Amino acid sequence: MYKRQTLNNLENDIFIVISIYRDIEARAQTLKIPAYQFLWGDMLAWGVCVDAEPERGINFMRQAADQGLPEGLEQLGRYYSKGKLVQQDKERAVVFLREASMLGNQKAQIELVELFLDGYGSPYDYEDAYHWLYNAVTNDKKTHQKIANCLSKLEKLMHPKAVRKAKRPLES
């Protein structure tokens, strides 16, 4: 009796998972909802619950990013920075990460500053990047320390007047 009940539960769980991924696929392909395009793209790229199709996956992530989804922009930026699933292209990574940073994605803000510190991007963008990170809020001590280190290093590359201006409150 126990084995049959466990098998029924497993069959039910599989049905639920299949229903969920079909729903995600429909919302991504038909309704073109950015969060679902990003999720479906991630599932396709890495073969989560479906056969892996990295090219289609990246295409769905790009569609989400084109609609301004910060998580899609950040992930594509990270992939281009690291050369994951795509050819490494640090300058393209800067473009995606800057957009995600402007939309408040903290991971992107940190990654963007790290690319600046490695010599990529434009010094004209340092002030914005410093401004976003300076106003970042986190309760994670490791992230807080990482932000502090990024700010300290970026500040050394900036004019003191630009640093003062970047320390303004976020809403200004």
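Residues numbered from 1 in each chain as written. Predicted model: local features only at pLDDT ≥ 70, side-chain atom pairs only at ≥ 80, totals over all residues. Heavy atoms only, no water.

### Some points on the packing of helix α5 (residues 90-102) against helix α6 (residues 106-117)
Thought 1: Direction vectors running N to C along α5 and α6 enclose 145 degrees, while the axes themselves pass 8 Å from each other. Crossing geometry of α5 relative to α6 is assigned as left-handed. Facing Lys90, Ala93, Val94, Leu97, Arg98, Ala100 and Ser101 of α5, the residues of α6 in contact are Ala108, Gln109, Glu111, Leu112, Leu115 and Phe116.
Thought 2: When the residues that make up the contact of α5 with α6 are grouped by side-chain class, the tally is 8 nonpolar, 2 polar and 3 charged. (Axes fitted to C-alpha atoms, helices over the stretch in contact; angles between N-to-C directions. Helix = DSSP H or I, 4+ residues; strand = E, 2+ residues; numbered from the N terminus. Left-handed = near helix turned anticlockwise from the far one by under 90°. Contact = heavy atoms within 4.5 Å. Nonpolar A, V, L, I, M, F, W, Y, C, P; charged D, E, K, R; others polar.)

### Remarks on the confidence of the model for the protein chain
Thought 1: Residues of the protein chain with pLDDT of at least 70 account for 90%, and the chain-wide mean is 92.
Thought 2: Low confidence marks residues 1-7, where pLDDT is under 50. Its contacts with residues over four positions away, or in another chain, come to 1 contact. (pLDDT = per-residue confidence, 0-100.)

### Observations concerning the nonpolar core
Nonpolar side chains in soluble globular proteins generally cluster together in the buried interior.
Thought 1: Ranked by internal contacts, the top residues of the largest apolar core, which has 36 residues, are Met61, Leu112, Phe116, Tyr130, Leu133, Leu154 and Met158.
Thought 2: Secondary structure elements with two or more residues in this core: α2 (34-46), α3 (54-66), α4 (70-82), α5, α6, α7 (126-134), α8 (141-155) and α9 (160-166).
Thought 3: For this core, the element with the most residues is α6, which contributes 6 residues.
Thought 4: Dropping the residues within four chain positions of it, leucine 112 is found in contact with Val94, Leu97, Arg98, Ser101, Ala129 and Trp132.
Thought 5: Counting residues in hydrophobic clusters, the runner-up holds 8 residues, among them Tyr21, Ile24, Met43 and Leu44. (Core = buried A, V, L, I, M, F, W, Y, C linked by side-chain atoms within 4.5 Å. Buried < 20%, exposed > 50% of the residue type's maximum accessible area, 1.4 Å probe, protein only.)

### Observations concerning the pattern of salt bridges
Thought 1: Going through the model one piece at a time under the given rule, you end up with 11 salt bridges.
Thought 2: Of the charged contacts in the structure, one is a salt bridge between arginine 98 and aspartate 128, with a shortest N-O distance of 2.5 Å. Linking arginine 98 in helix α5 with aspartate 128 in helix α7, this pair joins segments that are 30 residues apart in sequence.
Thought 3: Look at aspartate 128 and you get partly exposed, because its relative accessible area is 25%.
Thought 4: In this structure, lysine 165 and glutamate 127 form a salt bridge, with 3.7 Å as the shortest nitrogen-oxygen distance. Here lysine 165 is found in helix α9, whereas its partner glutamate 127 is found in helix α7, with 38 residues between them in sequence. (Salt bridge = Lys/Arg side-chain N within 4 Å of Asp/Glu carboxyl O.)

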